[in-house]
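Analysis of the macromolecular model
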Amino acid sequence: CSGGRVLAVTGMGSNLTEALSASYKAVKQITFEDSNGDSLMHYRTDIAKGAIRKKLRIGVMGSTRGTALLPVMEAIANGSLHAEIVAVVSNRSKALILEKGKSLGVTVTTQFVSSKGLTRDQYDAECTSVLAGAGVEYLLLVGYMRI
């Protein structure tokens, strides 16, 4: 056999660790042998390892009560979502989602960003600055009314 071949295997699980384990279990059931019976199978064992160790850094933008954020908060609290909410931003100063953000603790950036007197680009830049400053890697729009 000359050259490499790529085969993708997908595993399912209730979380990333279980899905990864299922993937590697399936890979071990696949064999390629040469005419002498020697294995030609090579596979990586480092895929997704970093994702398992590192928590996802989530930012949230919302304009309402943040009811849809509760399942995310619960999944983080019970360990089924390996993540942390690091920022909550709203374009409404009285949006209850800001209170939910504050309830997560002092390490969470919780901020109202007003669009008054700003161009769309200026407003977007201000929101981006807040989210980037908090180290957000993934953004959830939860009832966000300004898209």
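1. With respect to the environment of valine 9
- Looking at the element boundaries, valine 9 is found in the segment before helix H1 (16-27).
- C-alpha of valine 9 to C-alpha of alanine 22: the two residues are 13 residues apart in sequence and 9.4 Å apart in space.
- Apart from residues lying up to four places away in sequence, valine 9 is in contact with Ser23, Ala26, Val27 and Ile30.

2. Quick notes on helix H5 (residues 120-133)
- In this model, H5 (14 residues) spans 20 Å end to end at C-alpha, consistent with the 20 Å of a helix rising 1.5 Å per residue.
- Contact partners of the buried residues in H5: strand E1 (56-62), strand E2 (83-90), strand E3 (109-112) and strand E4 (138-142).
- Backbone geometry just after H5 places glycine 135 at a positive phi near 80 degrees.

3. Comments concerning the environment of alanine 95
- As for its position among the elements, alanine 95 is in the loop between E2 and helix H4 (96-103).
- Residues in contact with alanine 95, not counting those within four places in the same chain, are Ser63, Thr64 and Ser90.

4. Brief notes about the pattern of salt bridges
- Scanning all chains against the criterion turns up 4 salt bridges.
- The residue lysine 54 makes a salt bridge to glutamate 137 at a minimum N-O spacing of 2.6 Å. Residue lysine 54 is found in the loop between helix H2 (49-53) and E1, and its partner glutamate 137 is found in the loop between H5 and E4; the two are separated by 83 residues along the sequence.
- Overall, the relative accessible area of 46% leaves lysine 54 in the partly exposed class.
- Note on glutamate 137: relative accessible area 36%, which makes it partly exposed.
- Taking the shortest distance from any N to any O, the salt bridge between aspartate 124 and arginine 120 comes out at 3.3 Å. Of this pair, aspartate 124 and arginine 120 both sit in helix H5, 4 residues apart, which is roughly one turn of that helix.

Cut-off values and rules
- Residues numbered from 1 in each chain as written.
- Predicted model: local features only at pLDDT ≥ 70, side-chain atom pairs only at ≥ 80, totals over all residues.
- Heavy atoms only, no water.
- Helix = DSSP H or I, 4+ residues; strand = E, 2+ residues; numbered from the N terminus.
- Contact = heavy atoms within 4.5 Å.
- Expected span 1.5 Å × (residues − 1).
- Salt bridge = Lys/Arg side-chain N within 4 Å of Asp/Glu carboxyl O.
- Buried < 20%, exposed > 50% of the residue type's maximum accessible area, 1.4 Å probe, protein only.

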